[in-house]
Number of protein chains: 2
Amino acid sequence: MTEIRVGLLGLGTIGTGVARILIEQQELISRRLGKTVRLVAAVDRDLDRDRGLDLSAVRLSDDANDVVTADDVDLVVELIGGYEPARSFVATALEHGKHVVTANKALVAKHGEELFPLAASNGVAIGFEAAVGGGIPCLKALREGCAANAVQSVYGILNGTCNFILTKMELEGADYADVLKEAQQLGYAEADPTFDVEGIDTAHKLSILAAMAFGSKINFDEVFTEGISKITAADIESAAELGYRIKLLGIAKPHAENGEVTQVEMRVHPTLVPVASQIAQVSDSYNAVQVSGDFVEHTLYVGRGAGERPTASAVVADIMDIARVAPDGVNHLAPPMGFAEAERRELKTLPVADIECEYYLRLMVQDEPGVIASVTSILADHRISLEAMSQKERHASHAVAVVMLTHETTEGNLQAAISRIVGLNAVEDDVLILRKESAVL
Amino acid sequence: MTEIRVGLLGLGTIGTGVARILIEQQELISRRLGKTVRLVAAVDRDLDRDRGLDLSAVRLSDDANDVVTADDVDLVVELIGGYEPARSFVATALEHGKHVVTANKALVAKHGEELFPLAASNGVAIGFEAAVGGGIPCLKALREGCAANAVQSVYGILNGTCNFILTKMELEGADYADVLKEAQQLGYAEADPTFDVEGIDTAHKLSILAAMAFGSKINFDEVFTEGISKITAADIESAAELGYRIKLLGIAKPHAENGEVTQVEMRVHPTLVPVASQIAQVSDSYNAVQVSGDFVEHTLYVGRGAGERPTASAVVADIMDIARVAPDGVNHLAPPMGFAEAERRELKTLPVADIECEYYLRLMVQDEPGVIASVTSILADHRISLEAMSQKERHASHAVAVVMLTHETTEGNLQAAISRIVGLNAVEDDVLILRKESAVL
């Protein structure tokens, strides 16, 4: 029976989960594969910590070269995270003819376009299911399950920390800062939560999904990205009164000319979704990815977006996919980004000003005659019509919150109107702009 | 560039959808695959009907042998449905060294165990993603995406007709018979709806999911199956008052001894699910499959369970998976049932009497003193405790409906109690028994 020898880079949370599956589930994996997957080596700076696992049969080391260049390793699992040294280790492993599986979305989003051809030219595979949607096999579903479709949109709740915070804020009527603190205490948010709460992690994942959906190169730097840190309990309540729930969504759509996709729209921002929609029910640290295609219509994939065991499940699924074709059938796997490498295109990103949306606006205005008339008159100048408007009770600062829901307009047009509106004496500068999506399942 | 030549058996709704994708999406498919998939032949009894497609490059025939034994066909798509002659055609195609893709759940559930080894011994593949969950790539998710897991349960809303009827009954407070008639007029239900509404179609699909989840042989005949035809608008209302929605669920769970799965529980019946659960939100003709595993925790896959375009999407995904490894890498595909064929076991089905459940009981009783006391005393004899009970307004027949929600007990114990209860003079014979599942996402 063929044996695939695995080396782990990183024995932190996810690395421990991967080691646990490979050890505890070895027989099940063999029954499914008809091959053996064996953990032979692991690298970590901390080799003394008790991980609740018998690692006596595993060669432990604190030097990555003991895995990435080792003769007895067929497949390297990179679970260090971040850009460097992860990139160098992965590149070295590929150059030494080792398959690579990673959960590192930052690495794939930023350096994928360098690593995919490197893998191909060395005749090895690279898998990264765990980089998007944690345990959910959403990349496989998009790349293979929906492969017959021209993808029409991808939506995702892709960051468990943000979804946990937004869910808690709604359930408890609590403010952002308090819930963030609780999430940090529970280990659901990092000490520096910027990557999560400002939408950067979601943008990493969305850029991978978009490129896979539309056959484009990954353009992480061009994702329009806003986080959740400006949302108040009052906004969540206002949205609920209007029939919506606020989720941090990643959204990708193709824009075509003459039937050919020429531009890709990519944006990450807090989004109002209808409260009765499927995606609105995805709560706590759960993630969800919705893929819509011209034949399959809408599909939705839900599961745990993070955590030792779910993420490890996705890593080992990739290992098994590669083990199935190893040693000499790598070209029998679906290509990593779902299109033959030569067929992937440099597609432009839709300029931010051209994004079309319905908007939720929260303005703080002085409670004096004529203010609302001035605001709505500016919106009318820009041909922005309102679907709903409500005025909230007086704020501590003697300003009142006015919430507006607009019909569809472009981001450029909306921003032009907003810059005129904040020029009004009676309107404070910090207008909160959220966006609405109705086309969710 | 390698070319895969496809022959279609059946140009009905789904067959037309498959032909449409293969023709209209040919370039996209080639960009993804790096190979060409070409529709070369199609067989149908009716060759005159206008299908809105240019089939001039396709060899049309009314003789299945023009596809299943034809030299110029590499892969046969079976879309005839039913047991025979579908089984014979598929067997002949496999024996002639042709890959087979089918959407026929009845065929796979009943004859899969004959066809899988036949495919293997002829060095060809058999794909049936479209047989379960329509367009949702749920078999791929279970077989490959969750492959690292010992599966703990599979739940599914697997029949769009039943889900459409139950959704309509709830929204309109309408009775079963009226909604069925409407569904038939809309083409959502067959003239003879038995297979759908009595749960047989769901049982076909569940038996496939269960065998794939637990590595057992397919045991369709042993699925405990009840349909939706006895549910009234009043039951849906009673369930809602208790916080539940009624869905026709297929449920499969493993039962282990000493850590080894020895029995498989399989049942299809109308099920009360918490109204706030994800699966309760799956409405109309949508399907959903929930897979829970020891590492991935809960995952849920949602999409259209039927229809020309979604089902065709799943069929073509299978074609592309096979085309990717053709002509000589069939053993690089995941095995059809997710386990190496030699490792699949004859697992017993859990006897119906041993199923443990919480129950919803609807009894029609004469409105006279002591009846409820007699009923609850019998339940107490059988150590069945009640979670909730409500008595409804007087029925036309001068009986009143009493609804009870029990705590967990075995089916055998419940049936013993029920047979004593219907022996009471004041209780009518037709007790409606529904079952409740809380462990849904």
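Residues numbered from 1 in each chain as written. Chains lettered and ligands numbered in written order. Predicted model: local features only at pLDDT ≥ 70, side-chain atom pairs only at ≥ 80, totals over all residues. Heavy atoms only, no water.

Here the focus is the interface of chain A and chain B. Taken residue by residue, the interface counts 63 residues in chain A and 63 residues in chain B. Here chain A and chain B share an interface that buries about 5,500 Å² over both sides, 52% of which is from carbon and sulfur atoms. In terms of surface lost to chain B, no three residues of chain A exceed A:Arg31, A:Arg32 and A:Phe295, which account for 18% of the buried area on that side. Counting across the interface, chain A meets chain B through eight salt bridges. With a shortest N-O distance of 3.9 Å, A:Arg345 and B:Glu27 are connected by a salt bridge. Summed over the shared surface of chain A and chain B, the result is 27 residue pairs in polar contact (both at pLDDT 80 or more). Among the secondary structure elements, those contributing two or more residues to the side of chain A that touches chain B are α1 (13-24), α2 (26-33), α6 (138-145), α10 (200-214), β12 (297-304) and α12 (308-325) of chain A. Looking at the side of chain A that touches chain B, the element that brings in the most residues is α12(A), giving nine residues. A class-by-class count of the residues in the side of chain A that touches chain B yields 28 nonpolar, 17 polar and 18 charged. Pairing geometry for β12(A) and strand β12 (residues 297-304) of chain B, over five bridges, is antiparallel. Paired with A:Leu300 across the bridge in β12(B) is B:Val302. (Contact = heavy atoms within 4.5 Å. Buried area = accessible area lost by both parts, 1.4 Å probe. Salt bridge = Lys/Arg side-chain N within 4 Å of Asp/Glu carboxyl O. Polar contact = N/O pair within 3.5 Å; in protein donor to acceptor, adjacent residues only side chain to side chain. Helix = DSSP H or I, 4+ residues; strand = E, 2+ residues; numbered from the N terminus. Nonpolar A, V, L, I, M, F, W, Y, C, P; charged D, E, K, R; others polar. Pairing = 2+ DSSP bridges.)

Attention shifts here to the pairing of strand β5 (residues 99-102) of chain B. All names here are of chain B. Along β5, one buried face is formed by His99 and Val101 and the opposite face, lined by Val100 and Thr102, is buried too. Here four bridges tie strand β4 (residues 75-78) to β5, and the two strands are oriented parallel to one another. Among the inter-strand pairings, valine 77 is bridged to a residue of β5, identified as valine 101. Where the polypeptide runs from β4 across helix α4 (residues 86-95) and back to β5, its parallel neighbour, the crossover connection is right-handed. (Buried < 20%, exposed > 50% of the residue type's maximum accessible area, 1.4 Å probe, protein only. Right-handed = clockwise from strand over helix to strand, strands pointing away.)

Cis peptide bonds are those with omega within 30 degrees of zero, and the linkage from A:Ala326 to A:Pro327 qualifies with 5 degrees. Looking at the element boundaries, A:Pro327 is found in the loop between α12 and β13 (348-349). With omega at 5 degrees, the peptide bond leading from B:Glu84 into B:Pro85 counts as cis. Relative to the assigned elements, B:Pro85 resides in the loop between β4 and α4. At A:Glu297, a position not held by glycine, the phi torsion is positive, near 65 degrees. With respect to the helices, strands and loops of the structure, A:Glu297 is situated in strand β12.

Another aspect to go through is the domain arrangement of chain A. Residues and elements named next belong to chain A. When the domains of chain A are assigned, the result is domain 1 (3-135 + 309-343), domain 2 (138-304) and domain 3 (352-436). Relative to domain 2, the C-alpha centre of domain 1 lies at a distance of 26 Å. Taken together, both faces of the contact between domain 1 and domain 2 bury some 1,900 Å²; the carbon and sulfur share is 65%. Ranking the residues of domain 1 by area buried against domain 2 places Ala109, Val132 and Met337 at the top, with a combined share of 28%. Here domain 1 is connected to domain 2 by two salt bridges. (Domains from an automatic or database assignment.)

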